[in-house]
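Inside the fold
Okay, here's what each chain looks like letter by letter:
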Amino acid sequence: MGNTLLRTTGITLAWGMLLSGTAFPSPTHERIIGSPSSGRMQNAAPLEPEGPGWIKLFQVRERIYGSSPLLDLIRTASEKMQQLFPGRERLQIGDLSARDGGAITRHHSHQNGLDADIAYLHRDEIEQDPQADGFEFDMLTPEGKVSPHFDPERNYRLLASLARDPRTQRIFIDRNLIHSLCRHAKRVTSPQDRDPVF
């Protein structure tokens with residue numbers, strides 16, 4: 001779904017993986033065809049450049065199109081994080097899909113509007129330039145250690161929220177960051193209150 005660099009700069013979120021060759025009709029007349037790694041779409045809606053709790057990165061690429069459920073999931077997660085952590089930086093949304101889907105550079109997936117990249121949240125609350133053509137921050141050091149800029153509390157809350165949403169099928173993140181989030185979950189929650197994803 002994402003390469004190693006991507007998984008250390010942000011998460012890849014996949015909604016509703018579909019079998020190759022299938023189509024997903026919706027009330028908005030969009031058609032999601034095939035799978036994220038071999039698909040296309042018709043009449044998909046764009047994600048706005050920014051909204052309540054989110055900003056779209058890499059705007060020069062115009063990879064802004066997604067299925068209605070995926071766009072709704074992004075908006076819902078963004079608003080929830082703003083409610084939980086008011087005044088902090090917005091969710092920074094990376095690549096979705098091209099207007100008609102199909103293969104795009106830098107990805108094996110992102111072909112039919114069912115997956116999106118979301119940058120990890122930072123302790124120092126940095127929002128990168130939305131016109132930049134790549135992630136500006138990596139959450140692992142060159143030695144493979146978790147960066148001190150990685151915010152385990154807010155990333156834990158974001159991932160738990162996404163994982164609980166029935167629209168989410170898969171979340172891809174780096175193994176070292178998973179271990180950091182699991183350690184955080186054990187520190188701040190009791191076993192009975194811990195989200196099952198951790």
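Look above for the structure.
This section reports on the structure supplied with the text. (Residues numbered from 1 in each chain as written. Predicted model: local features only at pLDDT ≥ 70, side-chain atom pairs only at ≥ 80, totals over all residues. Heavy atoms only, no water.)

**Comments concerning the pairing of strand 4 (residues 38-42)**
Inclusion rule: Remark: exposure states derive from per-residue accessible area (1.4 Å probe, protein chains only) relative to the maximum for the residue type, with buried under 20%, exposed over 50%, and partly exposed in between. The helix count covers DSSP runs of H or I at least four residues long, the strand count covers runs of E at least two residues long, and both are numbered beginning at the N terminus. Criterion used throughout: strands pair if DSSP finds at least two bridges between them.
Only one face of strand 4 is buried: it carries G39 and M41, and the other face, with S38, R40 and Q42, is open. Pairing between strand 3 (residues 31-35) and strand 4: 5 bridges, direction antiparallel. What sits directly across from R31, in strand 4, is Q42. Here strand 3 folds back onto strand 4 in antiparallel fashion, the turn holding 2 residues.

**Points about the nonpolar core**
Convention followed: Here the nonpolar core consists of buried residues drawn from Ala, Val, Leu, Ile, Met, Phe, Trp, Tyr and Cys, with membership extended through side-chain atoms lying within 4.5 Å. Note on contacts: a residue pair is in contact if any heavy atoms of the two residues lie within 4.5 Å.
The biggest cluster of nonpolar side chains holds 17 residues, and the ones touching the most others in it are L47, I74, L91, I93, L96 and L158. Broken down by element, the residue count for this core peaks at 6 residues, all from helix 2 (residues 68-84). With residues up to four places along the chain from it excluded, the contact list for I93 reads L47, W54, I55, K56, L57, I74, D117 and I118. Core analysis: the next-biggest nonpolar cluster, separate from the first, contains 10 residues, Y156, L159, I173 and A185 among them.

**With respect to helix 4 (residues 175-188)**
So the rule is basically this: By this rule, a helix spans an expected 1.5 Å times one less than how many residues it contains. Polar contact is the term for a pair of N or O atoms within 3.5 Å; when the atoms are in protein, one must be able to donate a hydrogen and the other to accept it, and sequence-neighboring residues count only if both atoms are side-chain atoms.
With 14 residues, helix 4 extends 20 Å from end C-alpha to end C-alpha; this agrees with the ideal 20 Å at 1.5 Å per step. Taken together, the buried positions of helix 4 are L177, S180, L181, C182, H184 and A185. The N-capping residue of helix 4, defined by a side-chain oxygen 2.8 Å from the backbone nitrogen of N176, is D174.

**Here we look at the pattern of salt bridges**
Any two side chains of opposite charge can pair, so long as their charged atoms come close to each other. What counts, and what does not: Salt bridge, as applied in this entry: a Lys or Arg side-chain nitrogen positioned within 4 Å of an Asp or Glu carboxyl oxygen.
A full pass over the atoms with the stated rule returns 14 salt bridges. Here E89 and R154 are joined by a salt bridge, their closest N and O atoms 2.8 Å apart. One end of the pair, E89, is in the loop between helix 2 and strand 9 (91-93); the other, R154, is in helix 3 (residues 152-164), with 65 residues separating them in the sequence. Salt-bridge contacts for E127 lead to R90; the nearest nitrogen and oxygen are separated by 2.7 Å. Here E127, found in the loop between strand 10 (115-119) and helix 3, pairs with R90, found in the loop between helix 2 and strand 9; they are 37 residues apart in sequence, far enough to count as distant. Linked through salt bridges whose partners overlap, the residues forming this network are R61, R63, D95, R106 and D133.

**Brief notes about the packing of helix 3 against helix 4**
Here is the rule we go by: Only the stretch in contact is used when a helix axis is fitted, and all axes are lines through C-alpha atoms; the angle between N-to-C directions ranges over 0 to 180 degrees. Put simply, angles under 35 degrees are roughly parallel, angles over 145 are roughly antiparallel, angles from 65 to 115 are roughly perpendicular, and the rest are oblique. Under the convention adopted here, Pro, Cys and the residues Ala, Val, Leu, Ile, Met, Phe, Trp and Tyr are nonpolar, Asp, Glu, Lys and Arg are charged, and Gly plus all remaining residues are polar.
Where helix 3 meets helix 4, the axes come as close as 10 Å, and the angle between the chain directions of the two elements is 95 degrees. Between helix 3 and helix 4, the angle is such that the two are roughly perpendicular. Contacts from P152, E153, N155, Y156 and L159 in helix 3 reach L181, H184 and A185 in helix 4. Residue classes in the contact of helix 3 with helix 4 are distributed as 5 nonpolar, 2 polar and 1 charged.

**With respect to the side chain of D95**
Structurally, the position occupied by D95 is in the loop between strand 9 and strand 10. On the basis of relative accessible area, D95 is assigned to the buried category, the value being 1%. Within the structure, D95 has its side chain in polar contact with the side chain of R61 (distance 2.7 Å). Ignoring sequence-local partners within four residues, the contact set of D95 consists of K56, F58, R61, R63, H107, H110, D115, A116 and D117.

**Re unusual backbone geometry**
Even without being glycine, H110 reaches a positive phi, approximately 60 degrees. The residue H110 is located in the loop between strand 9 and strand 10 in this model. Judged by relative accessible area, which is 0%, H110 ranks as buried. You will see that E125, though not glycine, has its phi angle at about 60 degrees, which is positive. Inspection of the secondary structure assignment puts E125 in the loop between strand 10 and helix 3. In this structure E125 comes out as partly exposed when scored by relative accessible area, which is 33%.

**Brief notes about the packing of aromatic side chains**
Inclusion rule: Between the rings of Phe, Tyr and Trp (Trp by its six-membered ring), a pair exists once the centres lie within 6.5 Å; its type follows the angle of the planes, with under 30 degrees stacked, over 60 edge-to-face, and the other angles tilted.
Enumeration over the complete set of coordinates arrives at 2 aromatic pairs. Here the aromatic rings of F58 and F135 are separated by 4.9 Å at their centres, their planes lie at 85 degrees, and the arrangement is edge-to-face. Here F58, found in the loop between strand 7 (54-56) and strand 8 (65-66), pairs with F135, found in the loop between strand 10 and helix 3; they are 77 residues apart in sequence, far enough to count as distant. Classification of F135 by relative accessible area gives partly exposed; the value is 24%. Their ring planes at 75 degrees and their centres at 5.5 Å tell us that Y120 and F150 sit as a pair that is edge-to-face. With a gap of 30 residues between them, Y120 in the loop between strand 10 and helix 3 and F150 in the loop between strand 10 and helix 3 connect regions that are remote in the sequence. Residues Y120 and F150 agree in their burial class; the two are buried.

Keep in mind these values describe shape, not function.
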